[in-house]
Amino acid sequence: MTPRRLIPALAVTALGALALSGCVAKSDAAATDALTVSSTASACDVSGDAATSGTLTFDVSNKGDDVTEFYLLAEDGLRIVGEVENIAPGTSRTLTLVAQPGEYFTVCKPGMTGDGVGRAAFTVSGDTVALTGEDAEQKQQAVDLYAAFVKDQVGQLVPAVSDFVAAYESGDDETARTQFAQVRAYYERIEPVAEALGDLDPRIDYREVDAVAEGLDWTGFHRIEKDLWVPAADALNADGETPAWQDWAPSTTDERAAYGDQLIADVQELYDYVHGDDFASTLADQGIGGISNGAIALLDEVATGKIQGEEDWWSHTDLSDFAANVEGSKMAFSLVRDFAEAQGDDGAALADEIDGGYADLEAALAQYGSLDAGFVSYTDLSDDDKRELTDLINALAEPLAQLTNTVLA
């Protein structure tokens, strides 16, 4: 990361073209209409894989030994349309939501960490449902859904970091290098949440030049990165001036253990925070203004570090961070899009322009790879390639900067 002012935690919503959701007491759902879900350690069995648009009820039973969660995800596999958590072993809870036509996924998450089990396609057909209800209620549902997204990303980050650190501490650098970019994607999608917590983001994600400039102990992802991609003897740090080996040497086995354990502890602190009352209160206080500001903040992450190739200075995996920031930004926007569109023709035109900006940027990134398959090294990009990406970021940033005023109008 590059130095920046701290950005408040985000809040987002899932309305309109997606769905409104809420967790209700089991007795509130109509049993005859319910889809049943059986969650175990290795399966997430749903009684059907299709439904008609409108109010859907999932009656989730935990038949495993760990506390579990159930999610309905949008077609991109990231956006959470509805979720119910903290289902204790041997108990049931009900998720009721209004689902619009589209393609979705169902998944359970025993232990409430990792990427879940039993992910399966789920189709909703029929007509678009006109959403009703008080604006305040819709906004609160929006906050709840963004909280679920953040907890999901951090929940996947925890075991991913544990595996990454295990490889690093054992000296299996080849495996750790392979995992580095993908592990960081979970963090990059929700980075402003950590940035709001004082020194937590610096401990996790500061570059060496930033830590030295601020007199901080240098720890986290980028400290480990330099061990995994040891610089040449004559290399310079990201400031273009400081010799890479000045006041630095590859970590000893004991030092690797200390840096790895610190990263695990810091990520656990982030996990504890997003599952606590303070995070919920912060999101509620931010409201939908925090949503749009979050979309802008994540695009700023790209503009202030990734596009210059300064973030992952030794691994050159900047495009992976770039793509994850864009995904997080697009997520925040997509979840407030309907609030902008509801502001009349100008709001609708703004939403369409932002849609186009994301599409153009994603298409340009796709030329170089993907988060799943990996991206080319940032050093493979020509100056013209970087200029194209910069122009697309600027083209998106201009309408995106108007989003907060529009959704709050």
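Residues numbered from 1 in each chain as written. Predicted model: local features only at pLDDT ≥ 70, side-chain atom pairs only at ≥ 80, totals over all residues. Heavy atoms only, no water.

Comments concerning the overall build of the chain
The helix and strand tally for the chain stands at 12 helices and 12 strands. By the compact-globule yardstick of 22 Å for 409 residues, the chain fits well, its C-alpha radius of gyration being 22 Å. The principal-axis extents of the C-alpha atoms in the chain amount to approximately 70 × 50 × 35 Å. With 409 residues in all, the chain has 53% of them scored as buried. For the chain, restricting intrachain contacts to residue pairs at least 6 apart in sequence, the fraction spanning at least 24 positions comes to 74%. (Helix = DSSP H or I, 4+ residues; strand = E, 2+ residues; numbered from the N terminus. Rg over C-alpha atoms; globule rule 2.2 N^0.38 Å. Buried < 20%, exposed > 50% of the residue type's maximum accessible area, 1.4 Å probe, protein only. Contact = heavy atoms within 4.5 Å.)

A word on the sheet that holds strand E7 (residues 80-87)
Here we have five strands laid out as an open sheet, ordered E4-E10-E9-E6-E7, and mixed in their pairing. With partners counted over all chains shown, the strands left at the sheet margins are strand E4 (50-52) and E7, one partner each. Looking at each pair of strands side by side, their axes are set apart by 20 degrees on average, direction ignored. Judged from the four bridges that link them, strand E6 (residues 68-73) and strand E9 (residues 102-108) form a sheet pairing that is antiparallel. For Phe70, the partnering residue across the bridge sits in E9 and is Cys108. (Pairing = 2+ DSSP bridges. Axes fitted to C-alpha atoms, helices over the stretch in contact; angles between N-to-C directions.)

A closer look at the confidence of the model for the chain
Summing up the model confidence of the chain, the mean pLDDT is 86 and the portion of residues at 70 or higher is 91%. Contacts for the low-pLDDT stretch residues 2-32, under 50 throughout, to residues beyond four places or in other chains number 106 contacts. (pLDDT = per-residue confidence, 0-100.)

Here we look at helix H10 (residues 344-366)
Residues spaced three or four apart along an α-helix face the same direction, because each turn holds 3.6 residues. Taking 1.5 Å per residue as the helical rise, H10 with its 23 residues ought to reach 33 Å, and the 33 Å between its terminal C-alpha atoms agrees with that figure. Within H10, burial applies to Gly347, Ala348, Leu350, Ala351, Ile354, Gly357, Tyr358, Leu361, Ala364 and Leu365. (Expected span 1.5 Å × (residues − 1).)

A short note on the pattern of salt bridges
Per the stated rule, a full pass over the model turns up 23 salt bridges. For Asp205, the salt bridge goes to Arg184, with nearest N and O atoms at 2.7 Å. Residue Asp205 is found in helix H4 (residues 200-205), and its partner Arg184 is found in helix H2 (residues 173-189); the two are separated by 21 residues along the sequence. Arg184 carries the same exposure label as Asp205, and that label is buried. Here Glu341 ties to Arg337 by a salt bridge, and the two come within 3.2 Å at their closest N and O atoms. Taken together, the positions of Glu341 and Arg337, both in helix H9 (residues 318-341) and four residues apart, correspond to about one turn of that helix. On the accessibility criterion, Glu341 (33% relative accessible area) is partly exposed. The buried category is assigned to Arg337, whose relative accessible area is 15%. One salt-bridge network, held together by shared partners, links Arg184, Glu188, Asp205, Glu301, Lys306, Glu311, Asp312 and Asp321. (Salt bridge = Lys/Arg side-chain N within 4 Å of Asp/Glu carboxyl O.)

Observations regarding the packing of helix H1 (residues 135-170) against helix H8 (residues 277-304)
Running from N to C, H1 and H8 point in directions that differ by 130 degrees, and their axes come no closer than 10 Å. Taken together, the axis directions place H1 and H8 in an arrangement best described as oblique. As H1 packs across H8, the resulting crossing turns out to be right-handed. Residue-level inspection shows Lys139, Val143, Tyr146, Ala147 and Val150 of H1 in contact with H8, the latter providing Phe279, Leu283, Ala284 and Ile288. Grouping the constituent residues of the contact of H1 with H8 by class yields eight nonpolar, no polar and one charged. (Parallel < 35°, antiparallel > 145°, perpendicular 65-115°, else oblique. Left-handed = near helix turned anticlockwise from the far one by under 90°. Nonpolar A, V, L, I, M, F, W, Y, C, P; charged D, E, K, R; others polar.)

Comments concerning the environment of Val193
With respect to the helices and strands, the residue Val193 is situated in helix H3 (residues 191-195). The buried category is assigned to Val193, whose relative accessible area is 0%. Separated by 11 residues in the primary sequence, Val193 and Gln182 place their C-alpha atoms 19 Å from one another. Contact partners of Val193, with chain neighbours within four places excluded, come to Tyr146, Val150, Leu270, Tyr273, Val274 and Phe279.

Some thoughts on the layout of surface pockets
The space that makes up the largest pocket amounts to roughly 790 Å³. Looking at the largest pocket, it is lined by 33 residues, and the ones nearest its centre are Asp76, Leu78, Arg189, Glu327 and Leu371. Only E6, H1, H2, H9, H10 and strand E11 (369-370) provide two or more residues apiece to the lining of the largest pocket. Residue composition of the lining of the largest pocket, by class: 15 nonpolar, seven polar and 11 charged. (1 Å grid on protein atoms, 1.4 Å probe; cavity = no way out; pocket = protein on both sides within 12 Å on 5 of 7 lines; lining within 4 Å. Points joined across faces, edges and corners; volume = space filled by probe spheres on them.)

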